[in-house]
Amino acid sequence: MDGDRWNRLEALCAEALEQKPENRGAWISAACAGDTALRDEALSLLEQLDRDPGFMEAPVASIQDLFPAPPDTGTEEDPHQIGTWTLVRPLGRGGMGTVWLAEREVEGIRQQVALKLIRRGMDTEDVLERFRLERRILGALDHPNIARLLDAAATPDGRPYLVMEYVDGMPVTEHADRKRLSVPARLELMLTICGAVDHAHRHLVVHRDLKPRNIFVTGDGTVKLLDFGIGKVLGESGILGPARATRTRARLLTPEYAAPEQITGAPISTSTDVYGLGLLLCELLTGRHPLLSGGETLAEIEDATLHRTPTAPSQLTGQHTQPGQGRRRIPRDLDMIILKALRKEPERRYPTAADLATDLRRHLSGHPVTARPDTIGYRVRRFLRRNAAPVIAVSAVFLALVATTAVTLVQSRRVAGESARVAAERDKALEVRGFLMEMFGATGAGRAVGDTVTVRRLLDLQAARLDAEPWSPELRAEMLAVLADGYDRLGLWEEAEPLALRSLEIRRSLFRNDHPDVAASLNLVGWIAHERGRSRDAVPLLHEAIHIRRALGPAAGGDLSRSLNDLGVIWNALGQYDSAQAVLEESLAIRDRLFGPGHRTVGITANNLAAAHWFQSRVDDAARIQQRAVEALQQSVGPDHQRTIVALSNLATFRLTAGDLDGAERDYRNLLARQERLQGADHPVTSQVRLSLATALTQQRGAVPEPSRLDEADTQLRQALAAYESRLGVAHPQVGVTLDRLSDLALARGRPAEALPLAERAVDILRRSRGTEHRATADALAGLALAHRRLGGGHLDRALRFQREAVAGFQAGAGPTHAETGRARGMLCDLLLATGGDLVEAEHLCADAVEVVSRGPPGFHEMLPFFRLRQAVANYLLQHPERADSIVAVARREVERGLGGADARRLLDSLTAARRR
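Throughout this document, residue positions are counted from 1 along each chain, in the order its sequence is written. pLDDT decides what is reported in this predicted model: residues at 70 or higher carry local features, side-chain atom pairs at 80 or more are listed and counted, and totals for whole chains, interfaces and linings draw on all residues regardless. Hydrogens and waters are ignored; side-chain quantities use all the structure's heavy atoms.

## With respect to the overall build of the protein chain
Turning to step 1, where the next piece is worked out: Secondary structure elements are defined from DSSP: runs of H or I of at least 4 residues count as helices, runs of E of at least 2 residues count as strands, and each element is numbered from the N terminus. The helix and strand tally for the protein chain stands at 37 helices and 11 strands.
Turning to step 2, where the next piece is worked out: Burial classes: relative accessible area under 20% of the type maximum marks a residue as buried, over 50% as exposed, and values in between as partly exposed (1.4 Å probe, protein chains only). With 917 residues in all, the protein chain has 56% of them scored as buried.
Turning to step 3, where the next piece is worked out: Residue exposure ignores everything except the shown protein chains as possible cover, and the areas themselves are Shrake-Rupley values with a 1.4 Å probe. Only carbon and sulfur atoms are counted for the fraction: they give 52% of the accessible area of the protein chain, which is about 38300 Å².

## Quick notes on the confidence of the model for the protein chain
Turning to step 1, where the next piece is worked out: The predictor attaches a confidence to each residue, called pLDDT, with possible values from 0 through 100. When pLDDT is averaged across the protein chain, the result is 77; 76% of the residues are at 70 or more.
Turning to step 2, where the next piece is worked out: The least confident element of the protein chain is helix α14 (residues 390-412), whose mean pLDDT is 41; the most confident is helix α20 (residues 535-551), at 94.
Turning to step 3, where the next piece is worked out: Throughout, a contact is declared for two residues whenever any of their heavy atoms are within 4.5 Å. When the criterion is pLDDT under 50, residues 319-326 qualifies, and its contacts beyond four places in sequence or with other chains add up to 13 contacts.
Turning to step 4, where the next piece is worked out: Confidence drops under pLDDT 50 across residues 374-419; counting only partners more than four residues distant or on other chains, this segment forms 86 contacts.

## Section: the state of the cysteines
Turning to step 1, where the next piece is worked out: Cysteine sulfurs are considered disulfide-paired once they come within 2.5 Å of each other. Considering all chains together, one arrives at one disulfide under this definition.
Turning to step 2, where the next piece is worked out: At a sulfur-sulfur separation of 2.2 Å, the disulfide partner of C829 is C846. Residues C829 and C846 are joined by a disulfide whose S-S torsion is about -100°; by sign, that bridge is left-handed. With a gap of 17 residues between them, C829 in helix α33 (residues 819-834) and C846 in helix α34 (residues 839-854) connect regions that are remote in the sequence.
Turning to step 3, where the next piece is worked out: Classification of C829 by relative accessible area gives buried; the value is 0%.

## What about the nonpolar core?
Nonpolar side chains in soluble globular proteins tend to end up buried together.
Turning to step 1, where the next piece is worked out: Of all hydrophobic cores here, the largest spans 107 residues; its most connected members are L522, L567, W571, Y668 and L739.
Turning to step 2, where the next piece is worked out: In contact with L522, not counting residues within four places along its chain, are L504, R508, L541, E544, A545 and I548.
Turning to step 3, where the next piece is worked out: Of all hydrophobic cores here, the second largest spans 48 residues; its members include V172, Y257, I338 and L356. Residues enter a nonpolar core if they are buried and are Ala, Val, Leu, Ile, Met, Phe, Trp, Tyr or Cys, with the set joined through side-chain atoms within 4.5 Å.

## Points about the environment of I548
Turning to step 1, where the next piece is worked out: As for its position among the elements, I548 is in helix α20.
Turning to step 2, where the next piece is worked out: Separated by 29 residues in the primary sequence, I548 and A519 have C-alpha atoms spaced 6.3 Å apart.
Turning to step 3, where the next piece is worked out: Not counting chain neighbours up to four residues away, the residues in contact with I548 comprise N513, D514, H515, V518, A519 and L522.

## Here we look at the environment of Q581
Turning to step 1, where the next piece is worked out: In this fold, Q581 is placed in helix α22 (residues 577-595).
Turning to step 2, where the next piece is worked out: As a C-alpha pair, Q581 and H613 span 32 residues in sequence and 7.4 Å in three-dimensional space.
Turning to step 3, where the next piece is worked out: Leaving out residues up to four positions away in the same chain, Q581 has contacts with L609, A612, H613, Q616 and R618.

## With respect to the environment of R332
Turning to step 1, where the next piece is worked out: In this structure, R332 sits in helix α11 (residues 332-341).
Turning to step 2, where the next piece is worked out: A sequence separation of 18 residues divides R332 from S314, and the C-alpha atoms of the two residues are 7.4 Å apart.

## Quick word on unusual backbone geometry
Turning to step 1, where the next piece is worked out: Non-glycine residue R208 carries a positive phi angle of around 75°.
Turning to step 2, where the next piece is worked out: Its location among the elements puts R208 in the loop between β8 (205-206) and β9 (215-218).
Turning to step 3, where the next piece is worked out: A positive phi angle is found at Q879, which is not glycine, with a value near 65°.
Turning to step 4, where the next piece is worked out: Along the chain, the position of Q879 falls in the loop between α35 (864-877) and α36 (881-896).
Turning to step 5, where the next piece is worked out: With a relative accessible area of 63%, Q879 lands in the exposed category.

## A short note on the packing of helix α30 (residues 752-770) against helix α31 (residues 775-791)
Turning to step 1, where the next piece is worked out: Between α30 and α31, the least distance of the axes is 8 Å, while the angle of their chain directions is 155°. One element, α30, and the other, α31, form an angle in the roughly antiparallel class. Here the hand of the crossing between α30 and α31 comes out left-handed. Residues P752, A753, A755, L756, A759, E760, A762, V763, L766, R767 and R770 of α30 lie in contact with α31, whose contacting residues are A776, T777, A780, L781, G783, L784, A787, H788, R790 and L791. Whenever a helix is involved, its axis is fitted only over the stretch in contact; in every case the axis is a line through C-alpha atoms, and angles between N-to-C directions fall within 0 to 180 degrees. What sets the label is the angle itself: under 35 degrees gives roughly parallel, over 145 gives roughly antiparallel, 65 to 115 gives roughly perpendicular, and the rest give oblique. Whether a crossing is left-handed or right-handed is set by the direction in which the near helix is turned from the far one by less than a right angle, anticlockwise for left-handed and clockwise for right-handed.

## A look at the packing of aromatic side chains
Turning to step 1, where the next piece is worked out: To pair, rings of Phe, Tyr and Trp, with the six-membered ring standing in for Trp, must have centres within 6.5 Å; the planes then decide the type, stacked if under 30 degrees apart, edge-to-face if over 60, and tilted in the middle. On inspection of all chains with the given rule, the structure shows one aromatic pair.
Turning to step 2, where the next piece is worked out: Seen from their ring centres, F866 and F867 are 6.1 Å apart, and the 65° between their planes marks the pair as edge-to-face.
Turning to step 3, where the next piece is worked out: Taking relative accessible area as the criterion, F866 reaches 18% and is therefore assigned buried.
Turning to step 4, where the next piece is worked out: A residue is classified by how much of its surface remains accessible, and F867, at 0% relative accessible area, is buried.
Turning to step 5, where the next piece is worked out: The residue whose ring lies beneath K340 is Y350, and the NZ or CZ to ring-centre distance is 4.5 Å. Note on criteria: charge over ring means Lys NZ or Arg CZ within 6 Å of the ring centre, with the direction from the centre no more than 35 degrees off the ring normal.

## A few points about the sheet that holds β9
Turning to step 1, where the next piece is worked out: The strand order across the open sheet built from three strands is β7-β9-β10, with neighbouring strands paired in antiparallel fashion. The open sheet has two edge strands, β7 (169-171) and β10 (223-225), and neither has a second partner. Each strand of the sheet is rotated relative to its neighbour by a mean of 35°, with strand direction disregarded.
Turning to step 2, where the next piece is worked out: Pairing between strands is defined by DSSP: at least two bridges between them are needed. Where β7 meets β9, three bridges bridge the pair, whose relative direction is antiparallel. When the sheet's bridge partners are listed, P171 is paired in β9 with F216.
Turning to step 3, where the next piece is worked out: Strands β9 and β10 of the sheet are contacted by helix α6 (residues 183-202), whose axis makes an angle of about 35° with β10.

## Here's the deal with the packing of helix α19 (residues 516-531) against α20
Turning to step 1, where the next piece is worked out: Close contact between α19 and α20 brings their axes to 8 Å; oriented N to C, the two are set at 160°. One way to sum up the angle between α19 and α20 is to call them roughly antiparallel. The crossing of α19 and α20 is left-handed. Residues V518, A519, A520, L522, N523, V525, G526, W527, A529 and H530 of α19 lie in contact with α20, whose contacting residues are S535, A538, L541, L542, E544, A545, I548 and R549.
Turning to step 2, where the next piece is worked out: Basically, the charged four are Asp, Glu, Lys and Arg, the nonpolar ten are Ala, Val, Leu, Ile, Met, Phe, Trp, Tyr, Cys and Pro, and anything else, Gly included, counts as polar. For the contact of α19 with α20, the residue count by class is 12 nonpolar, four polar and two charged.

## Let's talk about helix α8 (residues 270-286)
Turning to step 1, where the next piece is worked out: By this rule, a helix spans an expected 1.5 Å times one less than how many residues it contains. Counted at 1.5 Å a residue, the expected span for α8 with its 17 residues is 24 Å, and the 25 Å between its end C-alpha atoms agrees.
Turning to step 2, where the next piece is worked out: Across the 17 residues that make up α8, a large majority, 17, are buried.
Turning to step 3, where the next piece is worked out: Note on α8: the residue one or two positions beyond its end, G287, has a positive phi of about 80°.

## Brief notes about the pairing of strand β5 (residues 149-154)
Turning to step 1, where the next piece is worked out: Bridge count for β5 against strand β6 (residues 160-165) is five bridges, and the pairing is antiparallel. Counterpart to A154 in the pairing with β6 is P160.
Turning to step 2, where the next piece is worked out: If you look at the hairpin formed by β5 and β6, you'll find five residues sitting between the two strands, and G158 has a positive phi there, around 95°.

## A word on α35
Turning to step 1, where the next piece is worked out: Taking 1.5 Å as the rise per residue, α35 with 14 residues should run 20 Å; its terminal C-alpha atoms sit 20 Å apart, in good agreement.
Turning to step 2, where the next piece is worked out: Counting buried positions along α35 yields 13 of 14 residues, so the element is predominantly enclosed.

Put into structure tokens, the structure is as follows:
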């Protein structure tokens, strides 16, 4: 059968499937218009399909040929050799082609792959287009749990083939049963599968054919997602290109695992894969399909998918028991998760695989799942079941906060002009409250109040009943502030902000604008605005709070130091480092005098002051002050507190900047493990440590980092990005910073087309949230320029424009003598030389870069030989050979000391060879 006739037969059967089963025979006879051979072939195909609904799944990997294939005689239809690959045996045959186990030997090492080859006669334009799409999809997806595309080419007669990673394993359901895995172990497998599917979704790819035969587990337990042959691109992507229209007459699906919208022809989305994951999860847990018992005809399968209510998994386990394993008990939460994934309406399912995975993790950790009705009773039961003992301790903390709140409320009215005794009593009450609030920031693994989820549940319950309490307006404002402060310390800023704003509104209505309670609310509202990415909005609020607290005199010294400290943090975030240093030094002096050198507030402000010095390239001063911060925090709140972890992370960053890569990486790994244990994987502080670890993983002096290190960095950054977007929103500056790091990583892996959209989004977010004169924006602009530079051609003009913007941003945000400014000027020099720009400007830029970077921290010195050699190139072109030779001599000594890496070595060799000629 030739390709055109097959296409006609396929289209005919597809349209017949849209008819009622009893009408299909008559419809086909009429449609064939006297072509009895075509009619008989169509009816035979439909009969086979009705007996075996998986018969027409595409691309076919396991069914036998519809029509007899030529015998295995070594003909071109079944060749023995394709390129360098020897075909060993078929792994699967189908109507369109064959997947082969193929192998070759290179330098004594045997390599095995899966080679997918289109059958002769099936190389029609539709099939070829589907094949090309599969190649684009596989080439774009780079994930440890997705089978990789290794090569793509064509046979001498023009038939395309794909060379893919060979997965030697078994379907995931068979693996789980053979290993007799527990329910939690099966859920862990499912989480891995969700991660692979989510990776595809983030690249705008829907698999559309998730089933056990397409998910294998290897002998070492590695999960591999296979076969994107009917995958769909949802939208335009910088990597995959624009989405392509697919034929609507031929339905591409496996009936037993198809979502309702695949059967009806409705639009496909990521929730289509969620439906497939729900079916897979049910089968993985119970061994049974929630809608089918086996043996149904195609029409019955379609009817069940569209109309039948799925059976809850807990009701299926009694009917399916593995030998020697007994009945697996399926909790009610898992029933609800799976049934939500299997809803007929796509909009009522989990939107993405990541959302499904989140609920599975919540179930595994004993937290309420979103699939269950979110009643107070359900949440409280889950809370108490998980934390029967800790709830008592947390409640005690909250009651203590109420007690200290009452004291501070009374004393705050009398702070101005009262006796030293009254002021001391109020300060003591504030100190107790401050200490108790620190417990909401994770004080250690062994203390129940360090469980952020436990505290979150308590805060939620208290906030829900806040308006029902018969408190006076003053006490209500204070309790609103307490709750807002608690949410804030857990990183739950969206929940904190409306409470803080309500507190400020009440206090402004009750008191004069110079009242200390108004100042406290101004400070809290400003701080939360900064944490939500609106640092500029926070500055006037903090200034007003400082003005009020200065006017209150010495009795408000502790409060004043808080406002000064917070403003210093905000100035650091806005790149105003001189201003930050000034207010932080004043805050530190006050706190040192009032509380002593080992107090937690001294550690907090010392940490922030060290950052101001580091941003100004004063690394030695920064490290000295940071060590003081670490000692004070370890002494006051302990080594496992969030504040201590932040301080230790900063110290590791200074170590990284000073060139101690191994030590910094070791510190980050320890801190990440501790922070995940204390406050969870999605806490903003955890995400910040992930970013720092990813930076350390991508820096390897004198060599390109190993692929495994870059893979790990990618995983850390994507986890941080997901957490930031979930907790802070998609437009938060930290999202922009993380996207910038992902873009840098894509460039390090030689993928400028992947880096470009990441860099564009990062620049857009940071321009709007931080402005054009901020270091973070400048850094993202430099990354965007580099992505355009690597793409070459018509991108070079844009690269030059964005690099000029980056230089201007660094000069405004960090200062003209900062090492980052010098590095940016050196990269602009390189671009000018690459685009035939002004040689005098280029030489001046590189000379300036060398001077500034050489005075910067050791971590920047890696670029020195490169900038010197570009400066030498400019001088050669300007006909200054003696000056150029002297610059090359200095660069040579630096390269011989191990600076510059392979790029500098190659440039040095090129210049040396050119000079000899």
